[in-house]
Amino acid sequence: MTQPVTIIMIEDDEGHARLIERNIRRSGVNNEIVAFPNGTDAMQHLFGADGSGLVQKGNALLILLDLNLPDMSGIDILRQIKENKYLKASPVVVLTTTDDSQEIKRCYELGCNVYITKPVNYENFANAIRQLGLFFSVIQVPPAAP
């Protein structure tokens, strides 16, 4: 039996977070979505009280990560996830307004699996998220390291 995948959404813009969740649901994805409005709360959840990430052992996670957070850099979060033995296999989808080619390159070098620039237009953004939801419905996600 495969482990159900939990989607971890790290997004500080409440409107974007609602739009993302609504359009993921519209694409037929019913997985649990755990939303965090800042990096600090997300890191606490992902890495646990001891900071080791052991709390996620055996969990299948897919992480949606905004880079522009109020309290910390999404790049730093990405780096810590990909350096952690329990979390590094979890797919990370960077979903941000930044379309700087150097930043995109840096995210891929750090191990992000997909980099998506949020379209400014509402309809285009909603459509992009629905397509992302369809992608989520077919990908395989490994559980965190034993």
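Here the structure is a predicted model, which means the values were calculated and not measured.

(A) Summary view of the UniProt feature "modified residue: 4-aspartylphosphate" (unreviewed entry) in the chain. Annotation from UniProt places "modified residue: 4-aspartylphosphate" (unreviewed entry) at D66. In this structure, D66 sits in the loop between β3 (60-65) and α3 (74-83). Accessibility expressed as a relative area gives 4% for D66, which makes it buried. If we skip the residues at most four places from it in the chain, D66 touches I10, E11, D12, G74, L95, T96 and K118. A distance of 3.3 Å separates the side chain of D66 from the backbone nitrogen of N68, its partner in a polar contact.

(B) Fine view of the nonpolar core. Judged by nonpolar contacts, the single largest core of 23 residues is most densely connected at I8, I10, L46, I63, L65, I81 and C107. Looking at this core, the elements that each hand over two or more residues are β1 (5-10), β2 (33-36), α2 (39-47), β3, α3 and β4 (92-96). Once residues lying within four places of it in the same chain are set aside, the contact partners of I63 are I8, I10, L46, I81, S90, P91, V92 and V93. Among the nonpolar cores identified, the runner-up in size contains 21 residues, and I7, A17, V93 and I129 belong to it.

(C) Geometry of the packing of α2 against α3. The N-to-C vectors of α2 and α3 enclose an angle of 5 degrees; their axes lie 11 Å apart at closest approach. When the axis of α2 is compared with that of α3, the two are roughly parallel. Contact with α2, carried on its side by G39, M43, L46 and F47, involves I77, Q80 and I81 of α3 and no other residues of that element. Residue classes in the contact of α2 with α3 are distributed as five nonpolar, two polar and no charged.

(D) Representation of a negative patch on the surface within the structure. On the surface, a cluster of negative charge is contributed by D12, D13, D41 and D71. Of note, D71 is situated in the loop between β3 and α3.

(E) Structural context of the pairing of β4. Of all the five residues making up β4, five are buried; the element is thus mostly covered by neighbouring parts of the structure. Burial of the side chains of β4 extends over both faces: V92, V94 and T96 are buried on one face and V93 and L95 on the other. As paired elements, β3 and β4 share three bridges and run parallel to each other. Residue L64 lies in a different strand from β4, and its bridge partner there is V93. Crossover handedness for the path β4 to helix α4 (residues 101-110) to strand β5 (residues 114-117): right-handed.

(F) Representation of the sheet that holds β1 in the model. Taken together, five strands build an open sheet; the order of strands is β2-β1-β3-β4-β5 and the sheet is parallel. The open sheet has two free edges, formed respectively by β2 and β5, since each of these has just one partner strand. Direction aside, the axes of adjacent strands within the sheet are offset by 20 degrees on average. Direction of pairing for β1 relative to β2: parallel, over a ladder of four bridges. Note on β2: the bridge partner recorded for I8 is V34.

The rules behind the values
Residues numbered from 1 in each chain as written. Predicted model: local features only at pLDDT ≥ 70, side-chain atom pairs only at ≥ 80, totals over all residues. Heavy atoms only, no water. UniProt positions renumbered as here; feature names shortened; annotations may be inferred. Helix = DSSP H or I, 4+ residues; strand = E, 2+ residues; numbered from the N terminus. Buried < 20%, exposed > 50% of the residue type's maximum accessible area, 1.4 Å probe, protein only. Contact = heavy atoms within 4.5 Å. Polar contact = N/O pair within 3.5 Å; in protein donor to acceptor, adjacent residues only side chain to side chain. Core = buried A, V, L, I, M, F, W, Y, C linked by side-chain atoms within 4.5 Å. Axes fitted to C-alpha atoms, helices over the stretch in contact; angles between N-to-C directions. Parallel < 35°, antiparallel > 145°, perpendicular 65-115°, else oblique. Nonpolar A, V, L, I, M, F, W, Y, C, P; charged D, E, K, R; others polar. Patch = residues over 30% accessible without salt bridge, like charges linked within 9 Å, V, L, I, M, F, W, Y side chains within 5 Å. Areas by Shrake-Rupley, 256 points an atom, 1.4 Å probe, with all protein chains shown as cover. Salt bridge = Lys/Arg side-chain N within 4 Å of Asp/Glu carboxyl O. Lys, Arg positive; Asp, Glu negative; His and termini not counted. Charge placed at Lys NZ, Arg CZ, Asp CG, Glu CD. Pairing = 2+ DSSP bridges. Right-handed = clockwise from strand over helix to strand, strands pointing away.

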